[in-house]
Amino acid sequence: IIPADARLVESSNLVVAERYYDPDTGKIAYRREEKSSEKIIDFDGGYDTYANIVYAASMVVSGKGRAIVIMTGEDTKLSGTGTAESSLSAPIKPP
């Protein structure tokens, strides 16, 4: 489990199951994402739109990587969703 939001500086075939808040269902869900330290896409949507970012509470499905922590605790993307803490403590079952 990834403990903090972080920027990848090295990666090798890295796939993560990202845990995120789905506003349509009001629940925590997962999506699989291929991540790469070399995929830097410049969007205007903030740090969470970059392909080289991994997020707290996500799980590594395959591959490996090294990253620099950019957000922790209540400052992470997932914590900023405004979801109830009890929703976030649900059992982890990636896709």
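For the structure, check the block above.
Computed from a prediction, not measured in an experiment: that's the story for all the values here.

Cut-offs used in this document
Residues numbered from 1 in each chain as written. Predicted model: local features only at pLDDT ≥ 70, side-chain atom pairs only at ≥ 80, totals over all residues. Heavy atoms only, no water. Phe/Tyr/Trp six-rings, centres within 6.5 Å; stacked < 30°, edge-to-face > 60°. Lys NZ or Arg CZ within 6 Å of the ring centre and 35° of its normal. Helix = DSSP H or I, 4+ residues; strand = E, 2+ residues; numbered from the N terminus. Polar contact = N/O pair within 3.5 Å; in protein donor to acceptor, adjacent residues only side chain to side chain. Salt bridge = Lys/Arg side-chain N within 4 Å of Asp/Glu carboxyl O. Buried < 20%, exposed > 50% of the residue type's maximum accessible area, 1.4 Å probe, protein only. Core = buried A, V, L, I, M, F, W, Y, C linked by side-chain atoms within 4.5 Å. Contact = heavy atoms within 4.5 Å.

### Let's talk about the packing of aromatic side chains
Under the criterion given, the structure shown has zero aromatic pairs. Looking at lysine 77, its charged tip hangs above the ring of tyrosine 55, at a distance of 4.6 Å from the centre.

### A look at the side chain of lysine 35
With respect to the helices and strands, lysine 35 occurs in strand S2 (residues 27-35). Polar side-chain contacts of lysine 35 include one of 2.8 Å to the backbone oxygen of isoleucine 53.

### Some words on the pattern of salt bridges
Counted under the stated rule, the structure contains four salt bridges. Residues lysine 35 and glutamate 18 are paired through a salt bridge, measuring 2.8 Å at the closest nitrogen-oxygen approach. Within this pair, whereas lysine 35 is found in strand S2, its partner glutamate 18 is found in strand S1 (residues 5-22), the two being separated by 17 residues in sequence. Residue classification places lysine 35 among the buried residues on the basis of a relative accessible area of 6%. Since its relative accessible area comes to 3%, glutamate 18 is described here as buried. In this structure, the salt-bridge partner of arginine 31 is glutamate 33, at a minimum N-O distance of 3.8 Å.

### Focus on the nonpolar core
Counting six residues, the largest nonpolar core is built from Ile2, Ala6, Leu8, Leu14, Val16 and Val54. Tallying contributions element by element places S1 first for this core, with four residues. Sequence-distant contacts of leucine 8, defined by excluding residues within four places in its chain, comprise Leu14, Lys35, Ser36, Ser37, Asn52, Val54, Arg66 and Ala67.

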